[in-house]
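Listed here are the chains, written in short residue letters.
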Amino acid sequence: MKTKRPITLLIFAIALLLMGIAFAARRVVPTETASQAQTLSDWAHGSAGTLKVMVSYPTELLTNQKNEIMLTYEADPTLQQNLAYGYVFDAEFNAGSSVISPQKRLLVPLESGRRSFSWQVVPFGRSEISGSIQLGLGGSDLSGAYAISPQVTFEIPFQVRQTNGLSPNASFIVGLSMIGAGLLCVLVFIILNKKYIGPKVN
């Protein structure tokens, strides 16, 4: 009577290998990023200076994870000469079906040199999200008690991708563990298969 070969073990090993590759691939494939740039004029004190602003963001947001939206800005030489009068950089980020931190609206005293800050956004539910960043430049008396008066607006379309909730590094480690377990199962299958076949009878 012939013994049934452990085909189930082989199927299980193949499933582990495929899932491991899928998990590990999240770290191999980088997230595509995009950027936009605009210039703000000095409406607060009427100098001829300008503030150069650039926003960098991922084109695809991952669910169950914090995705970073980075805003970088720098005053030109003319505006830097007038910083003593006091300026506040007013920025508000909005995106539907998502949680934004630390808060949607940020009021930052303007300082010399290149500066940056960021928002973290966690999307949920939808496959596409429309985001926008409104920017304004005001005097030191700007408190945020009233709605922002934007000088420029960045319109940012996002695609949303469902994920397993793990960071790319954690997903990579889990993937390698699955691949290792899958290879071990394949090795056990080969050993058991030889045992079940047994030596050939002349």
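Reading guide: rules and limits
Residues numbered from 1 in each chain as written. Predicted model: local features only at pLDDT ≥ 70, side-chain atom pairs only at ≥ 80, totals over all residues. Heavy atoms only, no water. Pairing = 2+ DSSP bridges. Helix = DSSP H or I, 4+ residues; strand = E, 2+ residues; numbered from the N terminus. Axes fitted to C-alpha atoms, helices over the stretch in contact; angles between N-to-C directions. pLDDT = per-residue confidence, 0-100. Salt bridge = Lys/Arg side-chain N within 4 Å of Asp/Glu carboxyl O. Buried < 20%, exposed > 50% of the residue type's maximum accessible area, 1.4 Å probe, protein only. Patch = residues over 30% accessible without salt bridge, like charges linked within 9 Å, V, L, I, M, F, W, Y side chains within 5 Å. Areas by Shrake-Rupley, 256 points an atom, 1.4 Å probe, with all protein chains shown as cover. 1 Å grid on protein atoms, 1.4 Å probe; cavity = no way out; pocket = protein on both sides within 12 Å on 5 of 7 lines; lining within 4 Å. Points joined across faces, edges and corners; volume = space filled by probe spheres on them. Nonpolar A, V, L, I, M, F, W, Y, C, P; charged D, E, K, R; others polar. Phe/Tyr/Trp six-rings, centres within 6.5 Å; stacked < 30°, edge-to-face > 60°.

Caption draft 1: Inspection of the sheet that holds strand β1 (residues 33-41) at higher detail. In spatial order, the strands read β1-β2-β4-β8-β6; together these 5 strands make up an open sheet with antiparallel pairing. The sheet is open, and its two borders are formed by β1 and β6 (98-101), each paired with just one other strand. Pairs of neighbouring strands in the sheet enclose a mean axial angle of 20 degrees, with direction left out of account. Of the strand pairs in this sheet, β6 and strand β8 (residues 115-123) are connected by 4 bridges, and their pairing is antiparallel. Looking at the pairing, Ser-101 lines up with Gln-120 of β8.

Caption draft 2: Quick peek at the confidence of the model for the protein. On average, residues of the protein carry a pLDDT of 85, and 86% of them reach 70 or more. Predicted confidence in the protein is weakest over helix α1 (residues 7-28), with a mean pLDDT of 75, and strongest over strand β2 (residues 50-58), with 97.

Caption draft 3: Local environment of the pattern of salt bridges. Evaluated as defined, the whole model comprises 4 salt bridges. With a closest N to O distance of 2.8 Å, Arg-161 and Glu-60 form a salt bridge. Linking Arg-161 in strand β10 (residues 152-161) with Glu-60 in strand β3 (residues 60-62), this pair joins segments that are 101 residues apart in sequence. Across the pair Glu-74 and Arg-114 runs a salt bridge, and its minimum N-O distance is 3.4 Å. Of this pair, Glu-74 sits in strand β4 (residues 67-75) while Arg-114 sits in the loop between β7 (105-109) and β8, and the two are 40 residues apart along the sequence. By relative accessible area, which is 63% here, Arg-114 ends up exposed.

Caption draft 4: Structural context of a nonpolar patch on the surface. A contiguous nonpolar patch, built from Leu-184, Leu-187, Val-188 and Ile-191 and spanning about 360 Å² of accessible area, is present on the exposed surface. Mapped onto the secondary structure, Leu-187 falls in helix α3 (residues 168-197).

Caption draft 5: Local environment of the sheet that holds β3. With mixed pairing, 5 strands are arranged side by side in an open sheet as β3-β10-β9-β5-β7. Every interior strand has two partners, whereas the edge strands, β3 and β7, have only one. Shown here is a sheet whose adjacent strand axes are inclined to one another by a mean of 30 degrees, direction ignored. Here 5 bridges tie strand β5 (residues 87-95) to β7, and the two strands are oriented antiparallel to one another. The partner of Val-88 across the bridge, within β7, is Pro-109.

Caption draft 6: Expanded view of the layout of surface pockets. Approximately 230 Å³ is the volume attributed to the largest pocket. Every residue lining the largest pocket is counted, 16 residues in all, and those nearest its centre are Asp-90, Arg-105, Leu-142, Ala-147 and Ser-149. Among the residues forming the lining of the largest pocket, the class breakdown is 8 nonpolar, 6 polar and 2 charged. By volume, the second largest pocket is sized at about 180 Å³.

Caption draft 7: A look at the packing of aromatic side chains. Scanning the entire structure with this criterion turns up 6 aromatic pairs. Aromatic pair Phe-117 and Trp-119: ring centres 5.4 Å apart, planes at 80 degrees, arrangement edge-to-face. Judged by its relative accessible area of 13%, Phe-117 is buried. Grouped by ring-pair contacts, the aromatic residues Tyr-73, Phe-89, Phe-93, Phe-117 and Trp-119 constitute a single cluster.

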